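Here is how the chains run, residue by residue.
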Amino acid sequence: GAGAAAGRGARRQDRSGNAVSAGSSASRKLPKLPQVEPDGKQLPLAAALVSPERMLASTSPAHIVEHRPCRFFQAGHCCFGEKCWDAHDGRPQEPTEQNAAWWEDSGQDSSWWQESWEASGQESWSWWEENWESPEVPSCSSTSAPASAAPDGGPAEPALPAPSAGLRFVVEAGAELGRLRPSDPVGRHLAVGPMRLRIVGGAACLGCSEGHWDPQYGMDLLWDHGRWTSLVVSVPPDTDIPFNVFRIDQSCEFPGVLQGTRRFNIHESRWFTWSANFCIHSPGVDRVLEVRFPTEVAALLWQKSEPDWDEPVPKLETREARREDFMAFPGRAPRLRELPPPGGQRCYTFDGPTVEGAFATLGFSLYLPPGYGSAEQAPAGGWPLLLFLHSMHGRLDGDMNLFYESDTPVRLLLGDPGCPRALRERFVVLCPQCPADQDRHDGGGVWLRRGWYEVSTHVPEVEAALRSLLDCTVEALGLDRARVAITGSSMGAYAALELAARWPGFFSACAPVAAHYDLDPLEPLIERLTQAQELPMWFFHARNDEMCPFAPMEALVARLRRRSRAEVRFTAFTDTWSNQGHCADRVPYWATPQSPGQSALGEELFSWLAEQQLSGDRYK
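Residues numbered from 1 in each chain as written. Predicted model: local features only at pLDDT ≥ 70, side-chain atom pairs only at ≥ 80, totals over all residues. Heavy atoms only, no water.

1. Description of the overall build of the protein chain
Argument step 1. Counting its regular elements, the protein chain contains 17 helices and 27 strands.
Argument step 2. For the protein chain, with 620 residues in total, the buried portion stands at 55%.
Argument step 3. Intrachain contacts of the protein chain at a sequence separation of at least 6 include 70% that bridge at least 24 residues.
Argument step 4. As presented, the protein chain carries roughly 25200 Å² of accessible surface, and 49% of it is formed by carbon and sulfur atoms. (Helix = DSSP H or I, 4+ residues; strand = E, 2+ residues; numbered from the N terminus. Buried < 20%, exposed > 50% of the residue type's maximum accessible area, 1.4 Å probe, protein only. Contact = heavy atoms within 4.5 Å. Areas by Shrake-Rupley, 256 points an atom, 1.4 Å probe, with all protein chains shown as cover.)

Written as structure tokens, this is what we have:
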């Protein structure tokens with residue numbers, strides 16, 4: 001389990017041709033860190049993040065920093081515009097037919113690539129396809145056995161979980177770097193750390209697919225008050241896994257659910273800076289290996305420095321332990337492994353209970369209000385809990401990252417000035433991450449389902465994991481069981497409706513945003529939401545929503561109002577700020593408008609949610 005340099009880093013030679021040991025203790029010269037004005041004030045960081053001059057100043061192919069958007073990355077090959085460099089050797093390479101097909105499918109003009117490569121004197125694509133061989137990397141398949149097709153042609157039978165090991169990454173920032181708080185692309189100062197880091201390597205959870213590494217879909221590290229950490233991810237046991245640490249710089253952002261061309265625009269706006277190569281040997285089944293990077297790695301990525309490949313690769317530190325020791329509630333004890341600081345968020349990993357021979361693992365973020373831990377500020381009965389369920393493709397640790405690319409409470413609670421005071425000061429906020437469905441081509445998942453809504457099956461282990469996570473959180477933090485509210489956006493709004501119906505008397509209020517409900521028949525849902533409980537609800541939906549149509553939700557609200565014994569609110573609006581009418585989050589969740597003509601009802605919504613309370617002995 002000890003960390004070691006991999007690939008060329010482990011086989012490199014010095015200038016005299018002598019082999020250099022990967023474990024050499026020779027020290028590397030570090031760049032001065034960070035740039036500070038004489039009076040101690042930090043220099044503006046926007047130019048350092050995306051300045052063309054700074055990017056063009058570095059010419060090392062092994063550590064490319066160039067003012068060109070990254071087109072694709074393939075097993076150590078990163079392409080910037082007309083240039084494509086081998087990340088290990090610095091030799092110009094060219095794209096394969098597979099990438100050309102992907103580019104064409106994306107709506108771009110793939111002939112541009114053919115012409116550019118021929119004009120630049122590179123070999124033809126056909127030569128490249130015939131002569132280039134993908135380097136051997138560990139299997140990128142999921143840690144589940146293949147699913148079998150259902151006899152009736154319906155959804156596939158659930159895949160049986162294969163024995164797996166776990167990895168957790170920690171990158172130390174150091175005192176100086178840890179104090180920096182640069183702005184995001186639109187100038188907001190958020191508590192996401194001085195830079196965005198991502199692990200990319202030879203495993204499915206690290207952005208590897210069919211032998212190719214893609215930095216657009218690696219695993220994001222999470223800023224954790226002076227360091228970057230990861231959730232615990234599952235990998236094949238007893239396997240060598242090569243990887244790099246990437247820095248992501250991004251020059252633009254788009255609101256709402258990032259679908260279609262907006263996703264490509266985000267990818268096109270990114271630049272990547274990557275570290276030396278590393279490789280670890282994964283632990284055995286039900287064990288977790290924690291991999292720690294020294295501050296030197298973060299320092300080099302911060303400065304976008306050209307690494308000296310004749311110097312030793314920074315040495316990693318590792319720690320191996322039982323899986324349960326890295327979980328949020330070790331041994332399922334009613335205590336959290338490490339509390340977030342009051343007014344801050346922290347991310348954890350949680351293994352749910354076994355149901356029908358399977359269990360679900362949930363990553364989640366937890367926010368504590370500034371007054372948590374103060375007897376004077378604690379509400380009577382304990383703090384209320386808000387459960388937020390994200391939309392499809394949203395992640396805590398990957399592309400479409402909720403901390404960077406969303407209008408959700410997760411982003412707002414990083415310190416955004418648009419965060420409603422009622423959200424920031426009155427709630428403990430819990431945001432779980434939807435488990436990926438390994439049978440889906442995009443690696444995404446649907447809350448509580450396996451497959452696609454109308455042709456899907458219920459996943460009881462995910463429901464059990466959510467219920468167990470809520471119960472453990474309420475007990476460990478001493479929260480008010482009578483004030484557990486739920487809200488969600490798009491797919492998360494569907495799940496909010498489903499959970500509220502499945503658990504009558506559990507939630508004090510429900511706020512679905514841009515919801516849809518695609519399961520037939522609809523009557524059982526209405527029955528459970530109205531007759532089995534008195535559940536206050538507040539719906540938000542854009543009239544011009546092209547992804548989750550307005551009319552079905554308007555009809556559902558009308559039926560709920562006729563039969564519910566509780567208040568049912570409905571806020572309808574026109575989305576004039578996104579290309580699909582599905583950017584609804586900024587209406588209910590924000591305290592300040594982000595677009596012309598947009599309402600911002602966050603203060604009102606979260607105050608209303610905090611005031612709702614179950615009466616009598618209605619908690620189930």
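That shown, we press on.
2. Things to note about the confidence of the model for the protein chain
Argument step 1. Here the protein chain shows a mean pLDDT of 75. Residues at 70 or above account for 68%.
Argument step 2. Across residues 1-160, where pLDDT falls below 50, the model places 311 contacts with residues more than four positions away in sequence or in other chains. (pLDDT = per-residue confidence, 0-100.)

3. Details of the pattern of salt bridges
Argument step 1. For the structure on display, the rule yields 33 salt bridges.
Argument step 2. Between D224 and R346 there is a salt bridge whose closest N-O contact spans 2.9 Å. Highlighted residues: D224 in the loop between β10 (222-223) and β11 (227-229) and R346 in strand β18 (residues 345-351), separated in sequence by 122 residues.
Argument step 3. A relative accessible area of 9% places R346 in the buried class.
Argument step 4. We note a salt bridge from R565 to E534, for which the minimum N-O separation is 3.6 Å. With R565 in the loop between α15 (550-563) and β27 (568-573) and E534 in the loop between α14 (523-530) and β26 (537-542), the pair connects residues that are 31 residues apart, well separated along the chain. (Salt bridge = Lys/Arg side-chain N within 4 Å of Asp/Glu carboxyl O.)

4. Observations regarding unusual backbone geometry
Argument step 1. The omega torsion across D520 and P521 is -5°, close enough to zero to call that bond cis.
Argument step 2. Positionally, P521 belongs in the loop between β25 (509-513) and α14.
Argument step 3. Here M400, not a glycine, exhibits a phi torsion of approximately 55°, which is positive.
Argument step 4. On the secondary structure map, M400 appears in the loop between β20 (385-389) and α10 (409-412).
Argument step 5. Phi angles above zero are rare outside glycine, and S490 is one such case at about 60°.
Argument step 6. Mapping S490 onto the fold places it in the loop between β24 (484-489) and α13 (491-502).
Argument step 7. Owing to a relative accessible area of 9%, S490 belongs among the buried residues under this scheme.

5. Overview of the packing of aromatic side chains
Argument step 1. Following the criterion strictly, the structure yields 20 aromatic pairs and no others.
Argument step 2. Measuring from centroid to centroid gives 6.0 Å for F243 and F293, while their planes differ by 85°, and the two rings are edge-to-face. Of the two residues, F243 is situated in strand β13 (residues 240-250) and F293 in strand β16 (residues 287-293); the sequence distance between them amounts to 50 residues.
Argument step 3. Here the guanidinium or amino end of R196 rests over the ring plane of Y404, the centre of that ring lying 4.4 Å away.
Argument step 4. A cation sits over an aromatic face here: R569 above W538, 4.6 Å from the ring centre. (Phe/Tyr/Trp six-rings, centres within 6.5 Å; stacked < 30°, edge-to-face > 60°. Lys NZ or Arg CZ within 6 Å of the ring centre and 35° of its normal.)

6. A word on the sheet that holds β26
Argument step 1. The sheet built from eight strands is open, its strands ordered β18-β19-β21-β20-β24-β25-β26-β27 with mixed pairing. Two strands close off the open sheet at either side, each with one partner strand: β18 and β27. Pairwise comparison of adjacent strand axes, ignoring direction, gives a mean angle of 20° for this sheet.
Argument step 2. Note that strand β19 (residues 361-367) and strand β21 (residues 428-432) share four bridges and pair antiparallel. Counterpart to L366 in the pairing with β21 is L430.
Argument step 3. Set on the sheet, α15 makes contact with β26 and β27; between it and β27 the angle comes to about 155°. (Pairing = 2+ DSSP bridges. Axes fitted to C-alpha atoms, helices over the stretch in contact; angles between N-to-C directions.)

7. So, the pairing of β18
Argument step 1. Across the seven residues of β18, seven count as buried, placing the element largely inside the fold.
Argument step 2. Covered by surrounding structure in β18 are Q345, C347, T349 and D351 together with R346, Y348 and F350, the residues of both alternating faces.
Argument step 3. Relative to β19, β18 runs antiparallel, the two being bridged by seven bridges. If you follow Q345 over to β19, its bridge partner there is Y367.

8. Notes on the nonpolar core
Argument step 1. Of all hydrophobic cores here, the largest spans 64 residues; its most connected members are F364, V428, W447, F507, L529 and F539.
Argument step 2. At nine residues, the largest contribution of residues to this core is made by α13.
Argument step 3. With residues up to four places along the chain from it excluded, the contact list for F507 reads L387, L470, V484, A485, I486, L499, A500, L535 and L614.
Argument step 4. L222, C347, F388 and A485 belong to the second-largest nonpolar core, a separate cluster that totals 41 residues. (Core = buried A, V, L, I, M, F, W, Y, C linked by side-chain atoms within 4.5 Å.)

9. Let's talk about the environment of P432
Argument step 1. Mapped onto the elements, P432 comes out in strand β21.
Argument step 2. Judged by relative accessible area, which is 0%, P432 ranks as buried.
Argument step 3. With 42 residues separating them along the chain, P432 and H390 place their C-alpha atoms 8.0 Å apart.
Argument step 4. Residues in contact with P432, not counting those within four places in the same chain, are G363, F364, L387, F388, L389, H390, W447, L466 and L469.

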